[in-house]
Amino acid sequence: MNYDSKIDVTENQGSGGDWAGAPPVGETEQDRTSRRWWLIAIIAAIALATGIWFAVRGGEETAATGASDIQTPAVTVIVPGRASVEGEITATGSLAARRPMPIGSVGEGGQVRGVLVEAGDWVSQGQVLAVIDRSVQSQQQAGQSAQIAVAQADARIAQANLDRALKLVERGFISAADVDRLTATRDAANAQVKVARATLGQLQAQTARLNIVAPASGLVLERSVELGQVVGGGGSAVLFRLAKGGEMELLAQLSEDDLARIHVGVEAKVTPTGGNQSFTGQVWQIAPVIDATNRQGVARIALPYNAALRPGGFASAVINSGQTVAPVLPESAIQNDDKGAFVYVVDGKDVVHRRAVRTGIVTARGITVKSGLDGSEKVVLRAGGFLNEGDKVKPRVVAAAKSNAAE
(Lines give C-alpha, C1' and ligand atoms only; values in the text may rest on other atoms or scores of the structure.)
Protein backbone atom coordinates (compact mmCIF):
# COMPACT_ATOMS: atom_id res chain seq x y z
CA MET A 1 0.00 0.00 0.00
CA ASN A 2 1.53 3.16 -1.21
CA TYR A 3 1.17 6.30 0.82
CA ASP A 4 1.99 9.67 -0.55
CA SER A 5 4.43 11.18 1.80
CA LYS A 6 4.34 14.66 0.35
CA ILE A 7 2.88 17.36 2.30
CA ASP A 8 0.77 19.95 0.62
CA VAL A 9 2.58 23.08 1.49
CA THR A 10 0.05 25.23 -0.24
CA GLU A 11 -2.70 23.92 1.85
CA ASN A 12 -0.80 24.30 4.99
CA GLN A 13 0.11 27.84 4.08
CA GLY A 14 -3.41 28.63 3.18
CA SER A 15 -4.72 27.45 6.43
CA GLY A 16 -2.03 29.13 8.44
CA GLY A 17 -1.71 32.33 6.43
CA ASP A 18 -3.34 34.54 9.01
CA TRP A 19 -0.47 34.46 11.54
CA ALA A 20 2.44 33.33 9.41
CA GLY A 21 3.61 37.03 8.87
CA ALA A 22 2.56 38.51 12.44
CA PRO A 23 4.90 38.85 15.44
CA PRO A 24 4.95 36.09 17.93
CA VAL A 25 2.50 36.22 20.78
CA GLY A 26 5.26 36.38 23.41
CA GLU A 27 6.80 39.48 21.88
CA THR A 28 3.50 41.44 21.92
CA GLU A 29 2.90 40.90 25.66
CA GLN A 30 6.46 41.98 26.45
CA ASP A 31 6.01 45.19 24.50
CA ARG A 32 2.79 45.93 26.26
CA THR A 33 4.34 45.30 29.66
CA SER A 34 7.32 47.51 28.79
CA ARG A 35 5.08 50.29 27.64
CA ARG A 36 2.98 50.00 30.83
CA TRP A 37 6.06 50.29 33.06
CA TRP A 38 7.34 53.23 31.12
CA LEU A 39 4.01 54.96 31.54
CA ILE A 40 3.99 54.24 35.28
CA ALA A 41 7.54 55.54 35.59
CA ILE A 42 6.70 58.76 33.76
CA ILE A 43 3.59 59.35 35.91
CA ALA A 44 5.58 58.64 39.08
CA ALA A 45 8.33 61.03 37.97
CA ILE A 46 5.78 63.75 37.27
CA ALA A 47 4.13 63.20 40.66
CA LEU A 48 7.49 63.22 42.40
CA ALA A 49 8.55 66.43 40.64
CA THR A 50 5.23 68.05 41.52
CA GLY A 51 5.64 67.01 45.14
CA ILE A 52 9.18 68.30 45.29
CA TRP A 53 8.13 71.61 43.71
CA PHE A 54 5.34 72.13 46.24
CA ALA A 55 7.63 71.10 49.07
CA VAL A 56 10.34 73.54 47.98
CA ARG A 57 7.85 76.39 47.53
CA GLY A 58 6.24 75.71 50.88
CA GLY A 59 9.66 75.56 52.58
CA GLU A 60 10.71 78.82 51.00
CA GLU A 61 7.52 80.54 52.13
CA THR A 62 7.91 79.12 55.63
CA ALA A 63 11.55 80.15 55.74
CA ALA A 64 10.65 83.64 54.50
CA THR A 65 7.93 83.92 57.11
CA GLY A 66 10.30 82.68 59.83
CA ALA A 67 13.03 85.05 58.70
CA SER A 68 10.58 87.92 58.71
CA ASP A 69 9.54 87.03 62.26
CA ILE A 70 13.17 86.80 63.34
CA GLN A 71 14.06 90.17 61.77
CA THR A 72 11.16 92.05 63.45
CA PRO A 73 12.38 92.98 66.97
CA ALA A 74 10.09 92.83 69.96
CA VAL A 75 10.23 96.00 72.09
CA THR A 76 8.67 96.99 75.38
CA VAL A 77 6.55 100.13 75.23
CA ILE A 78 4.62 102.16 77.79
CA VAL A 79 1.79 104.65 77.60
CA PRO A 80 2.91 107.18 80.25
CA GLY A 81 -0.26 109.23 80.56
CA ARG A 82 -0.04 112.41 82.65
CA ALA A 83 0.76 112.56 86.35
CA SER A 84 0.82 115.26 89.01
CA VAL A 85 4.41 115.58 90.20
CA GLU A 86 5.72 117.57 93.13
CA GLY A 87 8.28 119.75 91.43
CA GLU A 88 11.85 119.47 92.66
CA ILE A 89 14.92 121.17 91.31
CA THR A 90 18.33 119.72 92.06
CA ALA A 91 21.23 122.15 92.25
CA THR A 92 24.75 122.38 93.56
CA GLY A 93 26.83 125.22 94.91
CA SER A 94 29.17 126.48 97.60
CA LEU A 95 28.42 127.21 101.23
CA ALA A 96 29.17 130.69 102.57
CA ALA A 97 28.32 133.00 105.44
CA ARG A 98 25.07 134.77 104.72
CA ARG A 99 26.41 138.05 106.14
CA PRO A 100 30.22 137.90 106.23
CA MET A 101 31.74 140.77 108.21
CA PRO A 102 35.43 141.60 107.66
CA ILE A 103 36.97 143.27 110.74
CA GLY A 104 40.12 145.44 110.79
CA SER A 105 41.72 148.13 112.91
CA VAL A 106 39.73 151.36 112.78
CA GLY A 107 42.16 153.29 115.00
CA GLU A 108 45.67 154.50 114.42
CA GLY A 109 47.02 150.97 114.56
CA GLY A 110 50.02 149.73 116.44
CA GLN A 111 51.54 146.60 117.84
CA VAL A 112 49.19 143.76 118.84
CA ARG A 113 49.49 143.05 122.55
CA GLY A 114 46.89 140.31 122.79
CA VAL A 115 44.52 138.16 120.68
CA LEU A 116 41.51 137.10 122.73
CA VAL A 117 39.52 134.84 120.33
CA GLU A 118 40.11 132.02 117.88
CA ALA A 119 38.37 130.95 114.68
CA GLY A 120 35.22 129.06 115.56
CA ASP A 121 34.48 131.08 118.72
CA TRP A 122 31.16 132.77 119.31
CA VAL A 123 31.39 136.45 120.23
CA SER A 124 28.91 139.11 121.26
CA GLN A 125 28.56 142.64 119.95
CA GLY A 126 31.27 144.94 121.34
CA GLN A 127 33.46 142.11 122.62
CA VAL A 128 37.19 142.78 122.36
CA LEU A 129 38.86 140.48 119.86
CA ALA A 130 42.42 141.84 119.99
CA VAL A 131 44.29 144.48 122.03
CA ILE A 132 46.66 147.03 120.44
CA ASP A 133 49.50 148.72 122.33
CA ARG A 134 48.32 152.07 123.78
CA SER A 135 51.30 153.35 125.75
CA VAL A 136 51.61 156.51 123.66
CA GLN A 137 47.91 157.18 123.79
CA SER A 138 47.89 156.75 127.56
CA GLN A 139 50.54 159.46 127.94
CA GLN A 140 48.57 161.73 125.67
CA GLN A 141 45.52 161.26 127.85
CA ALA A 142 47.51 162.01 130.99
CA GLY A 143 48.84 165.21 129.45
CA GLN A 144 45.40 166.27 128.39
CA SER A 145 44.03 165.61 131.86
CA ALA A 146 46.67 168.04 133.17
CA GLN A 147 45.55 170.58 130.61
CA ILE A 148 42.05 170.33 131.97
CA ALA A 149 43.32 171.02 135.46
CA VAL A 150 45.19 174.12 134.21
CA ALA A 151 42.12 175.37 132.41
CA GLN A 152 39.98 174.83 135.48
CA ALA A 153 42.47 176.81 137.63
CA ASP A 154 42.43 179.67 135.13
CA ALA A 155 38.64 179.60 135.17
CA ARG A 156 38.55 179.80 138.97
CA ILE A 157 40.93 182.80 139.02
CA ALA A 158 38.88 184.53 136.33
CA GLN A 159 35.70 183.95 138.32
CA ALA A 160 37.29 185.29 141.53
CA ASN A 161 38.55 188.45 139.79
CA LEU A 162 35.08 189.04 138.37
CA ASP A 163 33.46 188.58 141.77
CA ARG A 164 35.78 191.15 143.40
CA ALA A 165 35.25 193.61 140.60
CA LEU A 166 31.49 193.42 140.97
CA LYS A 167 31.81 194.39 144.66
CA LEU A 168 33.94 197.43 143.79
CA VAL A 169 31.71 198.68 140.99
CA GLU A 170 29.20 200.09 143.48
CA ARG A 171 31.95 202.10 145.16
CA GLY A 172 33.15 203.51 141.85
CA PHE A 173 36.64 202.01 141.98
CA ILE A 174 36.12 199.89 138.85
CA SER A 175 34.40 200.97 135.70
CA ALA A 176 31.79 199.02 133.86
CA ALA A 177 34.30 198.42 131.07
CA ASP A 178 36.62 196.63 133.49
CA VAL A 179 33.72 194.43 134.59
CA ASP A 180 32.97 193.48 131.01
CA ARG A 181 36.61 192.61 130.40
CA LEU A 182 36.78 190.43 133.48
CA THR A 183 33.53 188.74 132.52
CA ALA A 184 34.94 187.90 129.11
CA THR A 185 38.10 186.55 130.71
CA ARG A 186 35.98 184.35 132.99
CA ASP A 187 33.96 183.02 130.01
CA ALA A 188 37.09 182.30 128.01
CA ALA A 189 38.58 180.36 130.91
CA ASN A 190 35.45 178.25 131.22
CA ALA A 191 35.53 177.61 127.48
CA GLN A 192 39.14 176.46 127.74
CA VAL A 193 38.04 173.94 130.33
CA LYS A 194 35.45 172.56 127.92
CA VAL A 195 37.98 172.42 125.09
CA ALA A 196 40.44 170.56 127.28
CA ARG A 197 37.76 168.10 128.33
CA ALA A 198 36.68 167.57 124.72
CA THR A 199 40.26 166.93 123.69
CA LEU A 200 40.60 164.39 126.47
CA GLY A 201 37.42 162.72 125.33
CA GLN A 202 38.79 162.56 121.80
CA LEU A 203 41.99 160.94 123.00
CA GLN A 204 40.05 158.46 125.05
CA ALA A 205 37.88 157.55 122.06
CA GLN A 206 40.95 157.11 119.88
CA THR A 207 42.52 154.90 122.50
CA ALA A 208 39.39 152.84 122.78
CA ARG A 209 39.38 152.36 119.02
CA LEU A 210 42.76 150.73 119.25
CA ASN A 211 41.04 147.58 120.45
CA ILE A 212 39.60 145.29 117.76
CA VAL A 213 35.99 144.68 118.74
CA ALA A 214 33.12 142.64 117.25
CA PRO A 215 30.62 144.87 115.41
CA ALA A 216 27.87 142.26 115.92
CA SER A 217 27.27 138.92 117.56
CA GLY A 218 28.28 135.94 115.51
CA LEU A 219 30.77 133.22 114.68
CA VAL A 220 34.46 133.96 114.11
CA LEU A 221 35.34 132.38 110.75
CA GLU A 222 38.92 133.59 110.27
CA ARG A 223 41.71 135.03 112.41
CA SER A 224 44.50 136.74 110.48
CA VAL A 225 46.47 138.46 113.26
CA GLU A 226 49.16 137.26 115.65
CA LEU A 227 50.65 138.53 118.91
CA GLY A 228 53.34 141.18 118.29
CA GLN A 229 52.14 141.95 114.78
CA VAL A 230 52.03 145.62 113.81
CA VAL A 231 48.77 146.59 112.20
CA GLY A 232 47.92 149.74 110.30
CA GLY A 233 45.00 152.02 110.94
CA GLY A 234 41.93 152.73 108.88
CA GLY A 235 40.96 149.08 108.37
CA SER A 236 43.63 148.56 105.72
CA ALA A 237 43.88 144.83 106.54
CA VAL A 238 41.27 142.25 107.52
CA LEU A 239 42.23 140.85 110.91
CA PHE A 240 39.08 138.80 111.60
CA ARG A 241 36.13 137.60 109.54
CA LEU A 242 32.80 137.13 111.29
CA ALA A 243 29.56 135.42 110.26
CA LYS A 244 26.80 137.62 111.61
CA GLY A 245 24.50 135.57 113.81
CA GLY A 246 26.27 132.41 112.57
CA GLU A 247 23.88 132.31 109.60
CA MET A 248 25.00 130.38 106.52
CA GLU A 249 23.75 130.09 102.97
CA LEU A 250 24.14 127.97 99.86
CA LEU A 251 24.90 129.75 96.60
CA ALA A 252 22.99 127.34 94.34
CA GLN A 253 23.75 127.51 90.62
CA LEU A 254 20.57 127.21 88.53
CA SER A 255 19.70 127.47 84.86
CA GLU A 256 17.45 130.21 83.52
CA ASP A 257 14.49 127.81 83.28
CA ASP A 258 14.91 126.63 86.87
CA LEU A 259 15.28 130.15 88.21
CA ALA A 260 11.96 131.08 86.59
CA ARG A 261 10.21 128.21 88.42
CA ILE A 262 11.13 129.23 91.97
CA HIS A 263 10.45 132.26 94.14
CA VAL A 264 11.66 133.75 97.38
CA GLY A 265 10.47 131.79 100.40
CA VAL A 266 10.35 128.29 98.89
CA GLU A 267 11.80 125.49 100.98
CA ALA A 268 15.00 123.64 100.13
CA LYS A 269 16.89 120.66 101.51
CA VAL A 270 20.67 121.11 101.60
CA THR A 271 23.13 118.24 101.99
CA PRO A 272 26.84 119.03 102.42
CA THR A 273 29.26 116.88 100.46
CA GLY A 274 30.66 114.02 102.49
CA GLY A 275 27.75 113.95 104.94
CA ASN A 276 24.36 112.29 105.15
CA GLN A 277 22.63 114.97 107.20
CA SER A 278 20.29 117.37 105.41
CA PHE A 279 19.34 120.85 106.56
CA THR A 280 16.17 122.75 105.81
CA GLY A 281 16.50 126.26 104.48
CA GLN A 282 14.65 128.83 102.43
CA VAL A 283 15.45 130.73 99.25
CA TRP A 284 15.86 134.30 100.43
CA GLN A 285 17.25 135.87 97.27
CA ILE A 286 17.23 135.10 93.54
CA ALA A 287 19.96 136.61 91.39
CA PRO A 288 18.65 139.43 89.21
CA VAL A 289 21.45 138.84 86.69
CA ILE A 290 22.25 135.75 84.55
CA ASP A 291 25.87 134.92 83.82
CA ALA A 292 26.32 135.46 80.08
CA THR A 293 29.04 132.78 79.93
CA ASN A 294 27.27 129.73 81.39
CA ARG A 295 23.66 131.01 81.28
CA GLN A 296 23.17 130.36 84.98
CA GLY A 297 22.08 132.38 87.98
CA VAL A 298 22.38 132.04 91.74
CA ALA A 299 19.64 131.22 94.22
CA ARG A 300 20.74 132.04 97.77
CA ILE A 301 19.38 129.57 100.32
CA ALA A 302 19.52 130.75 103.93
CA LEU A 303 20.49 128.14 106.54
CA PRO A 304 20.70 128.25 110.35
CA TYR A 305 24.05 127.69 112.01
CA ASN A 306 25.32 124.14 112.27
CA ALA A 307 28.87 122.88 112.74
CA ALA A 308 28.48 120.67 109.64
CA LEU A 309 27.91 123.73 107.44
CA ARG A 310 31.40 124.99 106.68
CA PRO A 311 31.82 128.06 104.46
CA GLY A 312 33.66 127.23 101.27
CA GLY A 313 32.38 123.66 101.26
CA PHE A 314 30.39 122.06 98.45
CA ALA A 315 26.76 121.01 98.88
CA SER A 316 23.73 119.90 96.89
CA ALA A 317 20.19 121.19 97.25
CA VAL A 318 16.71 119.98 96.39
CA ILE A 319 14.41 122.98 95.94
CA ASN A 320 10.63 122.70 95.97
CA SER A 321 9.22 124.24 92.79
CA GLY A 322 5.52 123.38 93.21
CA GLN A 323 3.32 120.83 91.42
CA THR A 324 3.32 120.14 87.69
CA VAL A 325 1.19 117.83 85.51
CA ALA A 326 3.14 116.11 82.72
CA PRO A 327 4.07 112.68 81.30
CA VAL A 328 6.70 110.86 83.35
CA LEU A 329 9.14 108.48 81.64
CA PRO A 330 11.86 106.21 83.01
CA GLU A 331 15.37 107.35 82.25
CA SER A 332 15.90 104.37 79.90
CA ALA A 333 13.21 105.68 77.51
CA ILE A 334 14.92 109.02 76.87
CA GLN A 335 17.82 109.18 74.40
CA ASN A 336 20.20 112.07 73.78
CA ASP A 337 22.41 113.08 70.88
CA ASP A 338 23.79 116.26 69.38
CA LYS A 339 20.25 117.30 68.40
CA GLY A 340 18.96 117.03 71.95
CA ALA A 341 16.67 114.69 73.89
CA PHE A 342 14.26 112.38 72.05
CA VAL A 343 12.18 109.22 72.41
CA TYR A 344 10.97 106.55 69.99
CA VAL A 345 7.19 106.35 69.51
CA VAL A 346 5.41 103.36 67.95
CA ASP A 347 2.44 104.23 65.71
CA GLY A 348 -0.67 102.20 64.95
CA LYS A 349 1.15 100.20 62.23
CA ASP A 350 3.90 99.19 64.68
CA VAL A 351 6.42 101.50 62.99
CA VAL A 352 8.98 103.41 65.04
CA HIS A 353 9.24 107.22 64.79
CA ARG A 354 11.67 109.56 66.49
CA ARG A 355 10.07 112.29 68.61
CA ALA A 356 12.01 115.27 70.03
CA VAL A 357 11.14 116.11 73.65
CA ARG A 358 12.06 118.64 76.33
CA THR A 359 12.73 117.11 79.71
CA GLY A 360 11.81 118.68 83.01
CA ILE A 361 12.38 117.81 86.63
CA VAL A 362 13.84 114.49 87.75
CA THR A 363 11.91 112.62 90.44
CA ALA A 364 12.06 109.19 92.03
CA ARG A 365 9.35 108.08 89.57
CA GLY A 366 11.25 109.22 86.50
CA ILE A 367 11.84 112.26 84.31
CA THR A 368 8.99 114.59 83.44
CA VAL A 369 8.52 115.58 79.80
CA LYS A 370 7.74 119.28 79.43
CA SER A 371 6.94 119.15 75.71
CA GLY A 372 6.86 116.70 72.81
CA LEU A 373 4.41 114.16 74.30
CA ASP A 374 0.83 114.34 75.49
CA GLY A 375 0.99 111.02 77.37
CA SER A 376 -1.14 108.90 74.99
CA GLU A 377 1.73 107.66 72.81
CA LYS A 378 3.38 104.25 72.89
CA VAL A 379 6.92 105.05 73.92
CA VAL A 380 9.76 102.53 73.58
CA LEU A 381 10.95 101.76 77.09
CA ARG A 382 14.31 100.18 76.36
CA ALA A 383 16.70 99.38 73.49
CA GLY A 384 15.96 102.71 71.82
CA GLY A 385 19.63 102.98 70.88
CA PHE A 386 19.24 99.98 68.52
CA LEU A 387 16.26 101.40 66.61
CA ASN A 388 16.03 103.74 63.66
CA GLU A 389 13.31 105.87 62.13
CA GLY A 390 10.82 103.68 60.23
CA ASP A 391 11.79 100.33 61.78
CA LYS A 392 9.05 97.71 62.10
CA VAL A 393 8.68 96.32 65.63
CA LYS A 394 6.49 94.06 67.69
CA PRO A 395 5.41 96.22 70.66
CA ARG A 396 4.68 94.76 74.08
CA VAL A 397 2.81 97.24 76.28
CA VAL A 398 3.52 97.36 80.02
CA ALA A 399 1.98 99.58 82.66
CA ALA A 400 3.85 102.73 83.60
CA ALA A 401 3.94 101.78 87.28
CA LYS A 402 5.39 98.37 86.40
CA SER A 403 8.06 99.95 84.21
CA ASN A 404 9.03 102.32 87.02
CA ALA A 405 9.30 99.39 89.42
CA ALA A 406 11.48 97.54 86.93
CA GLU A 407 13.77 100.51 86.69
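An account of the accompanying structure is given in this report. (Residues numbered from 1 in each chain as written. Predicted model: local features only at pLDDT ≥ 70, side-chain atom pairs only at ≥ 80, totals over all residues. Heavy atoms only, no water.)

One non-glycine residue with positive phi stands out, namely Arg295, at about 60°. With respect to the secondary-structure elements, Arg295 resides in the loop between strand 13 (279-286) and strand 14 (296-303). We classify Arg295 as partly exposed; its relative accessible area is 42%. (Helix = DSSP H or I, 4+ residues; strand = E, 2+ residues; numbered from the N terminus. Buried < 20%, exposed > 50% of the residue type's maximum accessible area, 1.4 Å probe, protein only.)

Turning to the sheet that holds strand 21 (residues 366-371), a few remarks are in order. An order of 16-21-20 is seen for the three strands of this open sheet, with the pairing classed as antiparallel. Edge positions in the sheet fall to strand 16 (328-329) and strand 20 (358-363), since each has one partner strand and no second. With four bridges connecting them, strand 20 and strand 21 associate as antiparallel partners. Paired with Thr363 across the strands is Gly366, a residue of strand 21. (Pairing = 2+ DSSP bridges.)

When its volume is computed, the largest pocket comes out at roughly 180 Å³. Around the largest pocket sit 13 residues that line it, and Leu219, Val220, Leu221, Arg310 and Pro311 are the ones nearest its centre. No other element matches the four residues that strand 8 (residues 218-223) contributes to the lining of the largest pocket. When its residues are assigned to classes, the lining of the largest pocket shows nine nonpolar, one polar and three charged. One number sums up the size of the second largest pocket: a volume of about 160 Å³. Forming the boundary of the second largest pocket are 14 residues, of which Arg261, Thr324, Ile361, Thr368 and Lys370 lie nearest the centre. Looking at the lining of the second largest pocket, the elements with two or more residues in it are strand 15 (314-326), strand 20 and strand 21. The element contributing the most residues to the lining of the second largest pocket is strand 15, with six residues. (1 Å grid on protein atoms, 1.4 Å probe; cavity = no way out; pocket = protein on both sides within 12 Å on 5 of 7 lines; lining within 4 Å. Points joined across faces, edges and corners; volume = space filled by probe spheres on them. Nonpolar A, V, L, I, M, F, W, Y, C, P; charged D, E, K, R; others polar.)

The next point concerns the nonpolar core. Counting 24 residues, the largest nonpolar core has Leu250, Leu254, Ile262, Val270, Ile301, Leu303 and Ile319 as its most contacted members. Leave out the neighbours within four places in its chain, and Ile319 touches Gly87, Glu88, Ile89, Leu254, Ile262, Val266, Glu267, Ala268, Val283 and Ile301. Counting 16 residues, the second-largest nonpolar core is a separate cluster that includes Val117, Val123, Ile132 and Val225. (Core = buried A, V, L, I, M, F, W, Y, C linked by side-chain atoms within 4.5 Å. Contact = heavy atoms within 4.5 Å.)

Moving on, we come to the packing of aromatic side chains. By the definition in use, this model includes two aromatic pairs. Aromatic side chains Trp122 and Tyr305 sit 5.1 Å apart centroid to centroid with 90° between the ring planes, which places their arrangement in the edge-to-face category. Placement of the pair is Trp122 in strand 5 (residues 122-123) and Tyr305 in the loop between strand 14 and strand 15, with a sequence separation of 183 residues. With relative accessibility at 36%, the residue Tyr305 sits in the partly exposed group. Seen from their ring centres, Phe342 and Tyr344 are 5.6 Å apart, and the 85° between their planes marks the pair as edge-to-face. A relative accessible area of 7% places Phe342 in the buried class. (Phe/Tyr/Trp six-rings, centres within 6.5 Å; stacked < 30°, edge-to-face > 60°.)

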